[in-house]
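Coordinates in review
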Amino acid sequence: MASQADISGMAAELATIPGTALKVSPVALGTWAIGGWMWGGTDEAESISTIRAALEHGINLIDTAPVYGFGRSEEIVGKAIAEGRQRSRVVIGTKAGLEWQHGSVFRNASRARILREVDDSLRRLRTDHIDIYQVHWPDPLVTMEETAEAMHTLFIRGKIGAIGVSNFSVNQMERFRRVAPLHVLQSPYNLFERGIEADLLPYCRKNNIATFGYGALCRGLLSGRMHPDTTFVGDDLRRSDPKFRAPRFTEYLTAVRRLDRLARGCFDKRVIHLAVRWMLDQGSHDGALGRTPSRTTAAGRADSWLAARCLRPDGN
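Remember, predicted model here, so these are calculated numbers, not experimental data.

**Looking at the packing of helix α4 (residues 72-83) against helix α5 (residues 111-125)**
A pair of packed helices can be characterised by two numbers: the angle between their axes and the separation between those axes. Their axes nearest at 7 Å, the elements α4 and α5 cross at an angle of 45°. Of the possible angle classes, the one that applies to α4 and α5 is oblique. Counted together, Glu-74, Glu-75, Val-77 and Gly-78 of α4 and Ser-121, Arg-124 and Leu-125 of α5 form the full contact between these two elements.

Written out as structure tokens, the structure reads:
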């Protein structure tokens, strides 16, 4: 159980998403792994425990999507929040624009799909509104104007509190913003994957768009818990990710060991704390979305909370 001081400290750090009344914690709980698909399965009881522990430690932003387990992640998030009667203190972010058939996923960001999908998400999440609704991927077969107009419709109707996009380029955001307001961009970002620094981060800062960096621990690499004999089973997406295959896996693990020595020697922390703190220091609000695997142990969850609370070298 978190102490009152822990909760108050996190609450004091809440950041407002520009153009909205939403206030979010600097660290979010990402729930792709909780859905099970592409992460080797899920454990509902452990997943619900993880969500509730995050809330107890002052994390109020939970990020999910329909495609995470084909609705399973949203259902678990909805159950954890509803049964704990936590809706008033949670900012829910979910997504639209991906469709699936027989286990295959493809993009569909049409107006009809988005308007239908939002009601499905509301039902699974057991709520009457979604705080942050994001287009999961740009759809090359649907005009940006049609997608933006559909999202704007939901915003005007009050079904969503903020409009976001994920994995969009600057040009795509420019086209989107000609039709609808844009409050959030979500893109991959961590110590190893820093492509958004060239143009996306400067663009968002200039246009007052909140940035949520996902994959803060680079699919677990920056957790510090992997070793050369680590294996991935079932449908775990890391089985086909080049970062987790020779020779690159060895190279990444070497880099992680060096970062861990740096964190311990300079700050008396570990690499997981360094990775999250580094992300949070890159902008006015860069949400470090930690995608916690459903089978994470209690000790592992504790490390995540420590990462959320880790201090800068100056003590802030």
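Back to the text.
**Focus: α5**
Between the first and last C-alpha of α5 there are 21 Å, a value that for 15 residues agrees with the 21 Å anticipated at 1.5 Å per step. Buried residues of α5: Arg-113, Ile-114, Glu-117, Val-118, Ser-121, Leu-122, Arg-124 and Leu-125, and no others. Buried residues along α5 cover an arc of 160° about the axis, so they all sit on one side. Those residues of α5 hidden inside the fold are in contact with α4, β5 (91-96), β6 (98-101), β8 (130-135), α6 (144-157) and β9 (160-166). Looking one or two places after α5, you find Arg-126, whose phi comes out positive at around 60°.

**Quick word on unusual backbone geometry**
Cis geometry is found at the peptide bond from Ala-246 to Pro-247, where omega equals 0°. In this fold, Pro-247 is placed in the loop between β11 (210-214) and α9 (248-267). Even without being a glycine, Arg-126 presents a positive backbone phi close to 60°. One can find Arg-126 in the loop between α5 and β8. A positive phi angle is found at Asn-167, which is not glycine, with a value near 65°. Examined against the element boundaries, Asn-167 turns out to sit in the loop between β9 and α7 (170-177).

**Observations concerning the nonpolar core**
Counting residues in hydrophobic clusters, the biggest one holds 69 residues, and the most contacted among them are Ile-51, Tyr-133, Met-173, Phe-176 and Leu-222. With near-sequence residues (within four places) excluded, Ile-51 lies in contact with Leu-29, Ile-34, Ile-62, Ile-76, Val-77 and Ala-80. Of all hydrophobic cores here, the second largest spans 11 residues; its members include Ile-17, Val-24, Ala-28 and Ala-210.

**Here's the deal with the confidence of the model for the protein**
Looking at the protein as a whole, its pLDDT mean stands at 84, while 83% of the residues score no less than 70. This model gives residues 284-288 a pLDDT under 50, and the stretch forms 24 contacts once residues within four places in sequence are excluded. Here residues 290-316 scores under 50 on pLDDT; set against residues more than four positions off or in separate chains, the count is 65 contacts.

**So, the pairing of strand β7 (residues 104-107)**
Each regular strand carries side chains that alternate between the two faces of the sheet. With 4 bridges joining them, β6 and β7 adopt antiparallel strand pairing. Pairing of Gln-101 across the sheet is with Ser-104, part of β7. Here β6 hands over to β7 after 2 residues, with His-102 in that stretch at a positive phi of 55°.

**Here we look at the packing of aromatic side chains**
Under the counting rule described, the total for this entry stands at 6 aromatic pairs. On the numbers, 5.3 Å between centres and 50° between planes, the contact of Tyr-189 with Trp-278 is tilted. Of this pair, Tyr-189 sits in the loop between β10 (184-188) and α8 (200-206) while Trp-278 is found in helix α10 (residues 271-280), placing the two residues 89 residues apart along the sequence. The exposure class of Tyr-189 is buried, given its relative accessible area of 1%. For Trp-278, a relative accessible area of 17% translates into the label buried. Between Phe-192 and Tyr-252, the aromatic rings sit 4.9 Å apart at their centres with planes inclined by 65°, giving edge-to-face as the arrangement. Here the residue Phe-192 occupies a position in the loop between β10 and α8, and Tyr-252 occupies one in helix α9, the gap between them amounting to 60 residues.

**Here's the deal with the environment of Ser-110**
Tracing the backbone through its elements, the reader meets Ser-110 in the loop between β7 and α5. Exposure remark for Ser-110: the relative accessible area of 15% places this residue in the buried category. Each C-alpha atom, one on Ser-110 and one on Met-144, is 9.2 Å from the other, the two residues being 34 residues apart in sequence. When sequence neighbours within four positions are dropped, the list of residues in contact with Ser-110 reads Val-142 and Glu-146.

**Remarks on the pairing of β10**
When you tally the buried positions in β10, you get 4 out of 5 residues, the bulk of the element. Here 3 bridges tie β9 to β10, and the two strands are oriented parallel to one another. By the bridge assignment for β10, Gly-164 is matched with Val-184. Remark: the β9/α7/β10 crossover connection has right-handed handedness. Bridge count for β10 against β11 is 5 bridges, and the pairing is parallel. Note that in β11 the partner of Val-184 across the bridge is Ala-210. Each parallel crossover has a hand, and for β10 linked through α8 to β11 it is right-handed.

About the thresholds
Residues numbered from 1 in each chain as written. Predicted model: local features only at pLDDT ≥ 70, side-chain atom pairs only at ≥ 80, totals over all residues. Heavy atoms only, no water. Axes fitted to C-alpha atoms, helices over the stretch in contact; angles between N-to-C directions. Helix = DSSP H or I, 4+ residues; strand = E, 2+ residues; numbered from the N terminus. Parallel < 35°, antiparallel > 145°, perpendicular 65-115°, else oblique. Contact = heavy atoms within 4.5 Å. Expected span 1.5 Å × (residues − 1). Buried < 20%, exposed > 50% of the residue type's maximum accessible area, 1.4 Å probe, protein only. Arc of directions from axis to C-beta. Core = buried A, V, L, I, M, F, W, Y, C linked by side-chain atoms within 4.5 Å. pLDDT = per-residue confidence, 0-100. Pairing = 2+ DSSP bridges. Phe/Tyr/Trp six-rings, centres within 6.5 Å; stacked < 30°, edge-to-face > 60°. Right-handed = clockwise from strand over helix to strand, strands pointing away.

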